[in-house]
Amino acid sequence: MNDKKRDAPSYHRNIEVITNQLRIILPKNTKYVLEIGSGTGQHVAHFASEFPDIVFQPTDYKVENLESIDAWAADQKNILSAQRLDITKTDWLADSTRKFDALLCFNVIHITPWEVTKAIFIGADKIMNKDCKIAIYGPFKINGTQTSQSNEEFEKWLKGRDSAYGVRDIEDVNKAAQAYGFSHIEKHPMPANNFINVFART
Ligand SMILES: C[S@@+](CC[C@H](N)C(=O)[O-])C[C@H]1O[C@@H](n2cnc3c(N)ncnc32)[C@H](O)[C@@H]1O
C-alpha cells in the first residue's frame with residue numbers, strides 16, 4: 001500500500017451502505033460534488049469509482065489529510081486534487097468557478113464546534129447550484145432525544161474531548177439550514193444508529 005494512504009477503520013464498515021444510499025440521494029444529472037472533511041480520502045475515492053460520470057472535489061481542514069486524499073484518488077480520473085478548506089472561513093473555494101450539485105459531509109458535525117454546522121449552509125449558499133442537495137452523515141438526536149444508548153455514551157466521550165462537540169439535533173440543524181435558505185427534506189436511517197440527513201434550497 002502507498003504509505004501516504006491512511007486508513008480509517010469506520011470506512012470499511014459504512015462505505016457500501018453509504019454508496020448505495022447516494023444512488024438514491026444524488027440529484028439527477030449530478031456533475032460536480034464537493035466533499036467537506038474528506039479525512040483519509042477513502043470515501044471519495046470509492047464514490048469516484050462508483051460514479052464515473054461525476055467529478056468530485058475533496059477537501060479537508062487538516063493539511064496532513066490532503067496527501068492521503070490525493071494518494072487514494074490517484075487511480076481515479078474524476079477526482080480533482082484535494083484542497084485545504086476550513087469551512088468556517090466564508091471565502092471558501094473563492095477561486096472556484098464551479099458550482100456544485102451536491103455537498104457531502106460525513107462524520108464531521110458532531111466532532112467540530114456548532115459554528116462548523118452553520119458554516120456548511122453559509123458556504124453552500126454561495127457555491128451550490130439551485131437544485132443542489134446537501135447530505136450530512138452521522139449520529140443525530142431527534143426531537144432532543146438520542147436514538148440509542150450507544151450514541152448517548154458517544155456524546156459523553158465527545159464532550160470529554162471538547163465541550164463544543166456533540167451529537168446534533170436534526171431540528172437544530174434544520175434551523176441553521178433555514179437561516180441560509182435551505183431546509184431538511186430527507187432522513188435516511190443508516191446502520192449503527194446513524195442517519196444521512198438531506199437538505200435542499202427552500
Ligand atoms: C471524523 S473525521 C471524518 C472524516 C471522513 N469524512 C470520514 O467519514 O471518515 C472529521 C473531519 O472533519 C475535518 N474538519 C474538522 N474541522 C473542519 C473545518 N472547520 N472545516 C473543514 N473540515 C473540518 C477534519 O479534518 C476531519 O478530516
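Remember, predicted model here, so these are calculated numbers, not experimental data. (Residues numbered from 1 in each chain as written. Predicted model: local features only at pLDDT ≥ 70, side-chain atom pairs only at ≥ 80, totals over all residues. Heavy atoms only, no water.)

S.K.: Lay out the site of the ligand in plain terms, naming residues and giving numbers.
M.R.: In the vicinity of the ligand, 17 residues are found, and the nearest of them are Gly-37, Asp-60, Asp-86, Ile-87 and Phe-106. Taking Asn-65, its side chain carries an N or O atom lying 3.3 Å from an oxygen atom of the ligand. A distance of 3.5 Å separates a nitrogen atom of the ligand from a polar backbone atom of Leu-85. Its free accessible area being 590 Å², the ligand has 85% of it covered by the protein chains. (Near = heavy atom within 4 Å. Polar contact = N/O pair within 3.5 Å; in protein donor to acceptor, adjacent residues only side chain to side chain. Areas by Shrake-Rupley, 256 points an atom, 1.4 Å probe, with all protein chains shown as cover.)

S.K.: Break down the state of the cysteines for me, with residues and values.
M.R.: Under the defined criterion, the tally for this structure stands at 0 disulfides. In this model Cys-105 remains outside any disulfide bridge; the closest cysteine sulfur is found in Cys-132, 14 Å from its own. (Disulfide = S-S within 2.5 Å.)

S.K.: Got a sec to walk through the nonpolar core? Specific residues and values, please.
M.R.: Within the largest apolar cluster, 29 residues are counted, with the highest numbers of intra-cluster contacts made by Leu-103, Ile-120, Phe-121, Ile-134 and Ile-136. Where this core is concerned, the elements lending two or more residues are strand 1 (32–36), strand 4 (100–106), helix 4 (114–127), strand 5 (128–138), helix 6 (170–178) and strand 9 (194–201). With 6 residues, the top contributor of residues to this core is helix 4. In this view, Leu-103 contacts Leu-34, Ile-36, Trp-92, Ile-120, Ala-124, Met-128, Lys-133, Ile-134 and Ala-135; residues no more than four positions away in its chain are not counted. (Core = buried A, V, L, I, M, F, W, Y, C linked by side-chain atoms within 4.5 Å. Buried < 20%, exposed > 50% of the residue type's maximum accessible area, 1.4 Å probe, protein only. Helix = DSSP H or I, 4+ residues; strand = E, 2+ residues; numbered from the N terminus. Contact = heavy atoms within 4.5 Å.)

S.K.: Please set out the sheet that holds strand 8 (residues 182–190) residue by residue, giving values where relevant.
M.R.: Pairing is mixed across the open sheet formed by 7 strands, whose spatial order is 3-2-1-4-5-9-8. The two strands at the open ends of the sheet, each matched to only one other strand, are strand 3 (83–84) and strand 8. Bridge analysis of strand 8 against strand 9 gives 8 bridges, and the strand direction is antiparallel. For Met-190, the partnering residue across the bridge sits in strand 9 and is Asn-194. (Pairing = 2+ DSSP bridges.)

S.K.: Any chance you could break down the environment of His-43 for me, citing the residues and the numbers?
M.R.: For His-43, the location among the structural elements is in helix 2 (residues 42–50). When its relative accessible area of 10% is taken as the criterion, His-43 is described as buried.

S.K.: Please provide a residue-by-residue account of the environment of Asn-129, values included.
M.R.: When you line up the elements, Asn-129 lands in strand 5. For the pair Asn-129 and Ile-142, spaced 13 residues apart in the sequence, the C-alpha separation amounts to 29 Å. In contact with Asn-129, other than residues within four places in its own chain, are Lys-99, Phe-100, Asp-101 and Arg-201. Only 2.8 Å separates the side chain of Asn-129 from the side chain of Asp-101, close enough to count as a polar contact.

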